[in-house]
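A look at the structure
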Amino acid sequence: MSLQPVIIQTFRVASTDTDVIRECKNTKIIFLVESICNIYSLTPEKLKMKWEAFALTSQCDLRPTLPYIKILRNSLQREFERGLKSRRTVKGKVTTKRGGAFDFSEYGLDSVKQEESLDDFMAGMFEAPAKQTRPMAPKVRPPPASSTASPLDNRSSSHIVETQFNGHLPLPSKDASMDVVNSPFTFAYTQGPVKPYRFMFEKIKEKSEGVDERIDYIASLIQAHHNIEAFANPSKQSQEAIYAYGLVSSDDGSEQRLNEKSIVLQTSRDLGMGKRVVLDLSRVESYSFFPGQVIGVKGTNHNGIRFHVDEVLMPPAPERDQYEIKENKTLDMMVSAGPYTFDSDLLFSPLQELLKKCSEEKPDVLILMGPFISVHHPFISSANIQQLPEHIFYEQVVTRLENLLDMCTETHVFLIPHANDIIQNYNLFPQPAFSTNLNIKHERIHLASNPCGLLMNGHTVGIANVDSLFRLGREEITKNPAQTDKFSRLTEHLLQQHTYYPLYPHAIEDNIDAGCLLDIHLPTKPDILILPSQFKHFVKQVNGTVSMNPGFLCKHQVVGTYGRVILYPNVEERIRVDLLKL
């Protein structure tokens, strides 16, 4: 069957044209595209996708032309040859299929022994599968018979408090004077949701402009906070002390860790045309720096090469928006971050244990942060499943949440994605909310973006499901820091830089879309800042904000931790946080 009608419709190339020369060229393009589809077993739609990617990379017109189609054909041929070579080569040696067996290992099948006929093998391949007794359960391969028992079975105790903040405040109860029965729960978003967007289409100019705008914005905050009349260019010679600002970076541009000798200050285009100047910190008694940090400095540059810093000026934390707190309503909130299942299975027993606790406590809010089904789970990375991840998510997570909400009629659930979630399309930060295609229809299951800001009964909560704290801690350098507690200091960096991810360039483990910097902006200071991290779980108060890392609910084969937050309406210390081991 000819593919020409489909090609004409897909590529919008007409085979007839009033211009004879153009008609001839279009006909050649159609025949060439058809031959490429036939040779490489591609549909016109798939070839159209490859052509668009090629055209964007080559910066040519999206309308196909004969010379560029030929270049694409040559590129596909090289890609095909590389694929053949990689399949035939193992550690630099070409393997040959010898012996009396058919080698089907490339396709995940066992080899066929010589004494077995090919007819018997093919008959077994197309033999009707046995009828499943439980068709809706996750069809995963069970662990070996010698596998150990679930870590949940080996616990001597469960739901034990490991860390507390304001532990003297009472837990909510029906008899508590601060509670009112049947008081409704209200919530709103303090930040606009992250809308779906096209990623991997960043332009260098737009990326640099975004960084430049951020430098100037933080500089305006520094100027207002420290009452600075004007800034000067630090890369020019100055015999008198001047004020300047810029982005902390490394002088060699390498990926090596920042150190005192390699720190440079990158100016904005408005201040110094983006030039960099080396910082001499010998006179500074205390500092804490990381790549991407926007700071202000006071000092001199005698030779135009090195800026001698006398004082480091940090930007202020954002202001807190004041909302009316609902009278006599204590808000009980459970917080957890994935993974939610052990590496040995996809049964989600840690999640089931958490939901069992929720059914007993009946919290007002349950915040669940991904990953729910991680791309790094052994069953997923090895394709050791027989059901779509979306189906597993619905059966193991959504169904259990719906059952919980049937028992807890006043509870609301918020689901926040993670970059490692295989059930969503955005493996980067920020992320839109989960798609409605996941068949989540319960009215009290809310799909939030990552990051997100919530206003619940007058209390503000900021959530960023990305491990920015660990990345900062790895890159940060300090000297007699004013804030000696590391977790408090890292949280303070986020507040001072007014963003959930201040590191630049970003860590190699993370994908940050530079076109969505406004979506990761931290506009106001929340009451609670939830930052899941592979650091040990903690809860700290920083600049009037309670920052908490609930830890992971489980990790590999080890049970983890989760958090319980109580928000009181009419007491000075109105936040209690318990971090419990599952």
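The chain goes by DNA polymerase alpha subunit B in an unreviewed UniProt entry, where it is assigned to Thamnidium elegans. Listed in UniProt under the heading Function (unreviewed entry), the comment for the chain reads: "Accessory subunit of the DNA polymerase alpha complex (also known as the alpha DNA polymerase-primase complex) which plays an essential role in the initiation of DNA synthesis."

Taken as a whole and judged by the stated rule, the model has 14 salt bridges. For D212, the salt bridge is made with R269, and the minimal N-O distance between the two is 3.6 Å. On the criterion of sequence distance, the pair formed by D212 in helix α6 (residues 204-225) and R269 in helix α7 (residues 269-272) is long-range, its members being 57 residues apart. Overall, the relative accessible area of 11% leaves D212 in the buried class. Accessibility expressed as a relative area gives 45% for R269, which makes it partly exposed. Note that D527 and R574 form a salt bridge whose closest N and O atoms lie 3.3 Å from each other. Separated by 47 residues along the polypeptide, D527 in the loop between α12 (486-497) and β18 (528-530) and R574 in the loop between β23 (561-567) and β24 (575-581) bring together distant segments of the chain.

Two modes of strand pairing occur in sheets, parallel and antiparallel, and in both the strands are linked by backbone hydrogen bonds. A sheet is described by the order of its strands in space; here 6 strands give the open sequence β4-β15-β16-β18-β20-β19, paired in mixed fashion. In this open sheet, the two strands that pair with only one neighbour each are β4 (187-189) and β19 (538-542). Geometrically, the sheet is characterised by an average inter-axis angle of 20 degrees between neighbouring strands, direction not taken into account. Along the sheet, α12 contacts β18, β19 and β20 (545-549); its crossing angle with β19, the most-contacted strand, is approximately 55 degrees.

Quick look at the pairing of β23 now. Most of β23 sits out of view: 7 of its 7 residues are buried. The alternating pattern of β23 places T561, G563, V565 and L567 and Y562, R564 and I566 on opposite faces, both of which are buried. As defined by bridge partners, strand β11 (residues 331-337) adjoins β23 across 5 bridges and the pair is classed as antiparallel. In the strand pairing of β23, M333 is matched with V565.

Reading the values: rules and limits
- Residues numbered from 1 in each chain as written.
- Predicted model: local features only at pLDDT ≥ 70, side-chain atom pairs only at ≥ 80, totals over all residues.
- Heavy atoms only, no water.
- UniProt positions renumbered as here; feature names shortened; annotations may be inferred.
- Salt bridge = Lys/Arg side-chain N within 4 Å of Asp/Glu carboxyl O.
- Helix = DSSP H or I, 4+ residues; strand = E, 2+ residues; numbered from the N terminus.
- Buried < 20%, exposed > 50% of the residue type's maximum accessible area, 1.4 Å probe, protein only.
- Pairing = 2+ DSSP bridges.
- Axes fitted to C-alpha atoms, helices over the stretch in contact; angles between N-to-C directions.
- Contact = heavy atoms within 4.5 Å.

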